[in-house]
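For reference, the chains in residue letters:
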Amino acid sequence: MSLKIEQVHRYFVGEVSGIDLSDPLSKSEVIQIEEGMDQLGVLIFREQFLSDEEQVSYTKNFGELELHVGSNVLKGNERRLSLEFADVSNLDQDGEILKKGDRRRMFNLGNKLWHTDSSFRNIPSKFSILSCRSSPKVGGNTEFSFMPAVYDELDEGTKQEIADLITEHSLIYSRGQLGFSDFNEEEKQMFKPVQHVMVRENEFTKRKSIYLSSHIGKILGWEIPEGRDFIRELMEFATQRHFVYAHEWKPGDLVMWDNRQCMHRVRPFKDTGEKRDMRRTTVAGIAPTLISAR
Amino acid sequence: MTIVIERKHEHFVGEVSGIDCRQPVTKEDGQLMNEALDQFGVLIFRKQAFTDLEQITFSKIFGEIELAKGGNVTKDKDRRLDVQMADVSNLDKDGNLLERSDRRRMFNLGNRLWHSDSSYRVIPAKCSLLSCRSVASSGGDTEFAFMPAAYDALDQDIKMEIEELVTEHSLLYSRGQLGFTEFDDEERKAFAPVAQRLVRTNEFTGRKSIFLSSHIGSIVGWEIPEARDLIRELMEHATSQSFVYRHSWSVGDLLVWDNRQCMHRVRRFDDASEPRDMRRTTIAGTAKTVPKSN
């Protein structure tokens, strides 16, 4: 079997065949996948029915695991999965569907806003790897948008305007957009804003991209309303339909995406009536985006 | 002269010719204009170089003037225009550009969010008439979205879900989206939320539409994050490109839009360096959208 990557969208997204991710990968396979990620931003693998252990092992091919602390409002005894996983499902620790008014569910609604994973961390994540264990009958797609393509289409004036901008990211900002603001002191401390550059460059392809996320609440040195207005404008531009790939999930799908180059969001489904069991591992980044913070 | 109306968009917008809006309008022509507004949602008149008084007189063919009170944070002594006009410019009372960080400018950035004028009033406005006195060299277009077409394109189950919903509108909510939250007690009182139905029916055409606006901050009986999530979803649908008409202004343009059936927003321009003098008269609505008990 030899690994093949076929591009499925005008700008990005590769579908990968010829590989079984439950087996250890060869060095050349790891390199091929890394290169695919740099170039295409999102890779899709079908019929990969991995155990949690196999998913963790596969993830470690690409760097250190990012542990899922400081990224949600779950209490220690409310976790369904180990700390190596972000639980992107609608289930509680006993596998039951979260109730309509549940605080955890309210918090998770933030995943419907365009974002990049962990942009609220000082060292934001590299890749996310999401495995579909069960999917709803209707809805629940994940959409991706490719930021290098977006950057290329910005007009020259905007490119100049954003070149040196620094933004502040926090879960408090993204959740604030949905009016979720009842954080306790510990959470406020944990979710304190971090700073990132707005324009990033991929070290291998050298393509520039715009680093956007609903976690942004502020542009450094700008009045808040003016910063938010500009971010809203850029978000709208960056998520125009021609930049977007929508993934319709089937059990066994494993999709990995490059958080340095993509935004994503989940689309609506009947989350109080149907189970959607999705398990995410995350590859940690290696440095802050701000040179001064390195 | 005979009045001719030419459709400018698949779903709405009529360009009206054969009328001088500065001259007295016959009862028949007034009737015709009102019917055209019901049908087209937006009417465009070219080369109507109004005085303020002429604009006010013409406006009255659509109903009673709504006074521009309680609609912004400009104090009476700082008004540039008569209280029968809403000042949609970037100018202070002496005709100078508002400073970049001016509180009124920060507040006015909210006009870049999709909204329906005066949806934050107990009786929301019927229509708005905006006269262009000077334009920016680039940017500053106004976009309109037609809500009967957006309603028609909704899935049947969403139509059922929203049919009886009541939303709360306030300037505090729209400005809150941009992180503008510093209001004094008097403003908080003036901007107290009001209830509006989410689905309205035009009494003449019988067409249903979604009554959306960035002023919406909650749905009565819903958790706030869940409400904001649904509203965000509906806003995204309702402002899809297929429902949108974009108007590039020329001096002398008069646009009339039906706030019961349209949303609109202004697009970004270099408002800290170029004057854009736009004067709006607003025609009051005649009834609440919710039953008396609300």
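Look up: the structure comes first, before these words.
So, here is what we can say about the structure in this document. Owing to the predicted nature of the structure, the values given are computational and were not obtained by experimental measurement.

**Some remarks on the interface of chain A and chain B**
- Facing 16 residues of chain A, the contacting portion of chain B comprises 16 residues.
- Ranked by residues supplied to the side of chain A that touches chain B, first place goes to helix H8 (residues 224–238) of chain A with six residues.
- Broken down by class, the residue content of the side of chain A that touches chain B amounts to seven nonpolar, three polar and six charged.

**Brief notes about the environment of lysine 189 of chain B**
Residues and elements named next belong to chain B.
- Following the sequence through the fold, lysine 189 ends up in helix H7 (residues 185–190).
- You can call lysine 189 exposed: it has 10 C-beta atoms within 10 Å.
- Residues lysine 189 and glycine 70, 119 residues apart in the sequence, show an inter-C-alpha distance of 9.6 Å.

**What to know about the sheet that holds strand S14 (residues 262–266) of chain B**
Residue and element names in this part refer to chain B.
- Pairing is antiparallel in the open sheet, where three strands are placed in the order S12-S6-S14. Here the strands that pair on one side only, and so sit at the sheet edges, are strand S12 (244–247) and S14. When the angles between neighbouring strand axes are averaged without regard to direction, this sheet yields 20 degrees.
- In terms of strand pairing, strand S6 (residues 142–146) meets S14 through five bridges, oriented antiparallel. By the bridge assignment, phenylalanine 144 is partnered in S14 with histidine 264.

**Considering the nonpolar core**
- Among the nonpolar cores identified, the biggest contains 56 residues, and Val42, Ala145, Phe146, Met147 and Ala150 of chain B are the most heavily contacted of them.
- Counting residues in each nonpolar core, the second largest holds 51 residues, with Phe146, Tyr151, Ile162 and Tyr211 of chain A among its members.

Conventions we followed
Residues numbered from 1 in each chain as written. Chains lettered and ligands numbered in written order. Predicted model: local features only at pLDDT ≥ 70, side-chain atom pairs only at ≥ 80, totals over all residues. Contact = placed C-beta atoms within 7 Å. Helix = DSSP H or I, 4+ residues; strand = E, 2+ residues; numbered from the N terminus. Nonpolar A, V, L, I, M, F, W, Y, C, P; charged D, E, K, R; others polar. Buried ≥ 20, exposed ≤ 12 C-beta atoms within 10 Å, placed from the backbone. Pairing = 2+ DSSP bridges. Axes fitted to C-alpha atoms, helices over the stretch in contact; angles between N-to-C directions. Core = buried A, V, L, I, M, F, W, Y, C linked by C-beta atoms within 7 Å.

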